[in-house]
Amino acid sequence: MEFEAFTASALADYLGGIADVRARLFEDDAPADLDIAEVGDGNLNYVYIVTNAKAREHSVVVKQAPPFLRLVGKNWPLSCQRMDHEVAALRRFGALCPQHVPCVYHADEKRFLVVMQHLASHRILRQGLMDGVSYPLFAQHMANYLAHTLFHGSDLFLAPDIKKQAMSASVNIELCRITEDLVFTFPYEDHSSNVYSAALPASAIARLRSYEPLRCAAADMKWAFMNHAETLLHGDLHTGSIMVNARETYVIDPEFAFYGPMGFDIGALIANLLLAYFSRDYHGRVDGGDPRAYQEWLLEQAVTIWNGFSATFLTLWREHESRSGKRFIGTAETRVGEAYRAHFMRRLLADTLGFAGCKMIRRIVGMAKVAEITRIPDAQLRAQIEVRCLRCAEALLVQRAALTDIEQVTLLARETLLDKSSFS
Ligand code: SR1
Ligand code: MG
């Protein structure tokens, strides 16, 4: 049967038939008119906000996966089972971090939809960053979310058999393929799906295709993405997948969830903070402002996220080992265990930076863009900012093993911002 998106009345009828949803939408189960607005601005799915017209504090979000990629349409078919991955990940991450994941009220495997908590007083982080809003708790919350989700899905916490079962249940072939192609492959080729501004210097594009250290680094990251099944990842943790206000932070949209390398989620977030940092040179000057203070705030967030993540992750690891008596490294003395932990975190930072580089490059030359870049109206200024993003990304990839702490990344970003030389 041909897929048809819900009409408002069909969706209202459907929701009215589900007791758990009725309890969220109606007072005393008394039927009321529902306002239904389709608000999906993502690339894949339909998203509706459903609100009780008379008691607007009663609302839910409905997300439905059509059998195609929404960004492209029916010419890019996609299986609707991606919704199963999203629901499973929302439940798993929600159990680990209930304060940072919207509640699932109802999931329908046959209609490929989920009904969940409406975050009515939060906004998409990317939009807030474009408006120059500072969120005092966001970085701390994300550090905590990342530490708990990445640690508890891994062999550092789970028994080997349980971890392998979770890993095989998370296999997400189609959506991983999108990432393998759009993040790790097409941006480095002359591929028809690439989209980039005509003002971008030809040498910048040529370098992506021919600079060997960069190509090898990107290929290494693709290999890690495809083979290093370390933990259950969100899989698409950009600033459009985070909703915030001054007090709370929620992570949404885990349809790309799968068992992959830990650095992929952390790198995605840091990449998006760096895209916000470089594009601030435009957004922060609209209305005659000075972008610098907010740019520094953005770098501070990257530092807090990595350092906070790393401290909490290590605490979880040590506490788990002392509680369970099971050391990952075996019955080694503490000194050896600590040496291994330090080695583990250095490798994870290098991975994180490599993935951050790939994520930045794909947003500049690949098909799926980010608003902080595309909303720069002046083609020359946009190209200048894009060149800085590409330069910084290249350095992150090529120098990832030499960048041994996050402060060095902030120095690199500042230097790249000041570098006025043309691309060579
Ligand atoms: C073709 S889908 C493009 C992108 O949208 C999602 O948010 C992922 O980032 C994916 O790569
Ligand atoms: Mg998404």
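Quantities reported herein were computed from a predicted structural model and do not represent experimental measurements.

Undergrad: Break down the overall build of the chain for me, citing the residues and quoting the values.
TA: On a plain count of helices and strands, the chain comes out with 15 helices and 12 strands. For 424 residues, the compact-globule estimate of 2.2 N^0.38 gives 22 Å, and the chain sits close to it at 22 Å. Expressed as a percentage of its 424 residues, the buried residues of the chain come to 56%. Counting contacts in the chain only where the partners sit at least 6 residues apart, residues at least 24 apart contribute 74% of the total. Accessible surface for the chain amounts to roughly 18400 Å². Of this, 53% is attributable to carbon and sulfur atoms. Here the chain carries 44 positive and 50 negative side-chain charges, and the mean point of each set is 3 Å from the other.

Undergrad: A description of the sheet that holds strand E1 (residues 34-38) should follow, citing residues and the corresponding values.
TA: Read across the open sheet, the five strands follow the order E1-E2-E3-E7-E6; overall the sheet is antiparallel. This sheet does not close on itself; its edge strands, each paired only once, are E1 and strand E6 (104-108). Across the sheet, the axes of successive neighbouring strands diverge by a mean angle of 20°, strand direction being ignored. As judged from the six bridges shared by strand E2 (residues 46-52) and strand E3 (residues 59-64), these two strands associate in the antiparallel manner. Considered in E3, the bridge of valine 50 is made with valine 60.

Undergrad: So what's going on with the domain arrangement of the chain? Residues and values would help.
TA: Entries for the chain in the domain assignment read domain 1 (8-117) and domain 2 (123-418). Centre-to-centre separation of domain 1 and domain 2, based on C-alpha positions: 28 Å. Across the contact, 27 residues belong to domain 1 and 31 residues belong to domain 2. For the pair domain 1 and domain 2, the summed buried area comes to about 2200 Å², and 65% of that belongs to carbon and sulfur atoms. Residue aspartate 253 pairs with lysine 63 through a salt bridge whose shortest N-O separation is 2.6 Å. Secondary structure elements with two or more residues in the side of domain 1 that touches domain 2: strand E5 (73-77) and helix H3 (82-96). Sort the elements by how many residues they give to the side of domain 1 that touches domain 2 and H3 lands first, with eight residues. When the residues that make up the side of domain 1 that touches domain 2 are grouped by side-chain class, the tally is 15 nonpolar, seven polar and five charged.

Undergrad: Before we move on, can you summarise the side chain of glutamate 230 with the specific residues and values?
TA: For glutamate 230, the location among the structural elements is in the loop between helix H9 (212-227) and strand E9 (231-233). Excluding its chain neighbours within four sequence positions, the residues that come into contact with glutamate 230 are Gly153, Ser154, Asp155, Lys163, Tyr259, Gly260, Pro261, Met262 and Arg347.

Undergrad: Tell me about the pairing of strand E7 (residues 113-117), and name the residues and values.
TA: Side-chain positions along a regular strand alternate between the two faces of the sheet. In terms of residue burial, E7 counts as a mostly covered element, since five of its five residues are buried. In this structure, E3 lies alongside E7, joined through five bridges in antiparallel fashion. Within E7, the position partnered with glutamine 64 by the bridge is leucine 113. As judged from the four bridges shared by E6 and E7, these two strands associate in the antiparallel manner.

Undergrad: I'd like a description of the nonpolar core, backed by residues and values.
TA: Phe138, Phe278, Phe309, Phe313, Met360 and Leu396 are the most contacted members of the largest nonpolar core, which totals 108 residues. Both domains that meet at this core, namely domain 1 (8-117) and domain 2 (123-418), each give it at least three residues. When neighbours within four sequence positions are excluded, phenylalanine 313 is seen to be in contact with Ala147, Leu150, Phe151, Leu156, Met262, Phe344 and Met345. Counting residues in each nonpolar core, the second largest holds 19 residues, with Tyr46, Tyr48, Val62 and Phe68 among its members.

Undergrad: Provide a residue-level description of unusual backbone geometry, including the pertinent values.
TA: Although it is not a glycine, phenylalanine 112 sits at a positive phi angle of roughly 55°. By secondary structure assignment, the location of phenylalanine 112 is in the loop between E6 and E7. Even without glycine at this site, aspartate 287 takes up a positive phi of about 70°. If you trace the backbone, aspartate 287 turns up in the loop between helix H10 (262-283) and helix H11 (292-324).

Undergrad: Help me get a handle on empty space enclosed by the protein, residues and values and all.
TA: The final tally for this structure, using the stated rule, is three cavities of 30 Å³ or more. Its volume calculated, the largest cavity comes out at about 60 Å³. Going through the elements one at a time, helix H4 (125-130), H10 and H11 are the ones with two or more residues in the lining of the largest cavity. In terms of residue count, H10 provides more of the lining of the largest cavity than any other element does, four residues in total.

Undergrad: Could you give me a rundown of the side chain of aspartate 181, with the residues and numbers involved?
TA: Relative to the assigned elements, aspartate 181 resides in helix H7 (residues 173-182). Residues in contact with aspartate 181, not counting those within four places in the same chain, are Phe186 and Pro187.

Undergrad: So what about the packing of helix H12 (residues 334-365) against helix H14 (residues 379-398)? Which residues, and what values?
TA: Taken N-terminus to C-terminus, the directions of H12 and H14 make an angle of 155°; their axes are 8 Å apart at the nearest point. By the angle between their axes, H12 is roughly antiparallel relative to H14. At the point where H12 passes H14, the crossing takes the left-handed sense. Residues Leu353, Gly354, Ala356, Gly357, Cys358, Met360, Ile361 and Ile364 of H12 touch H14, and the partners they reach there are Glu386, Cys389, Leu390, Cys392, Ala393, Leu396 and Leu397. In terms of residue class, the contact of H12 with H14 is built from 12 nonpolar, two polar and one charged.

Undergrad: Lay out the layout of surface pockets in plain terms, naming residues and giving numbers.
TA: Of the voids in this model, the largest pocket is the one considered here, and its volume is about 1100 Å³. Considering the residues around the largest pocket, the lining is formed by 47 residues, among which Asp41, Gly42, His238, Gly240 and Asp253 are closest to the centre. Where the lining of the largest pocket is concerned, the elements lending two or more residues are E2, E3, E7, H4, H7 and H12. Along the lines of polarity and charge, the residues of the lining of the largest pocket split into 23 nonpolar, 13 polar and 11 charged. Residues from two domains meet in the lining of the largest pocket; each of domain 1 (8-117) and domain 2 (123-418) gives at least three.

Cut-offs used in this document
Residues numbered from 1 in each chain as written. Chains lettered and ligands numbered in written order. Predicted model: local features only at pLDDT ≥ 70, side-chain atom pairs only at ≥ 80, totals over all residues. Heavy atoms only, no water. Helix = DSSP H or I, 4+ residues; strand = E, 2+ residues; numbered from the N terminus. Rg over C-alpha atoms; globule rule 2.2 N^0.38 Å. Buried < 20%, exposed > 50% of the residue type's maximum accessible area, 1.4 Å probe, protein only. Contact = heavy atoms within 4.5 Å. Areas by Shrake-Rupley, 256 points an atom, 1.4 Å probe, with all protein chains shown as cover. Lys, Arg positive; Asp, Glu negative; His and termini not counted. Charge placed at Lys NZ, Arg CZ, Asp CG, Glu CD. Pairing = 2+ DSSP bridges. Axes fitted to C-alpha atoms, helices over the stretch in contact; angles between N-to-C directions. Domains from an automatic or database assignment. Buried area = accessible area lost by both parts, 1.4 Å probe. Salt bridge = Lys/Arg side-chain N within 4 Å of Asp/Glu carboxyl O. Nonpolar A, V, L, I, M, F, W, Y, C, P; charged D, E, K, R; others polar. Core = buried A, V, L, I, M, F, W, Y, C linked by side-chain atoms within 4.5 Å. 1 Å grid on protein atoms, 1.4 Å probe; cavity = no way out; pocket = protein on both sides within 12 Å on 5 of 7 lines; lining within 4 Å. Points joined across faces, edges and corners; volume = space filled by probe spheres on them. Parallel < 35°, antiparallel > 145°, perpendicular 65-115°, else oblique. Left-handed = near helix turned anticlockwise from the far one by under 90°.

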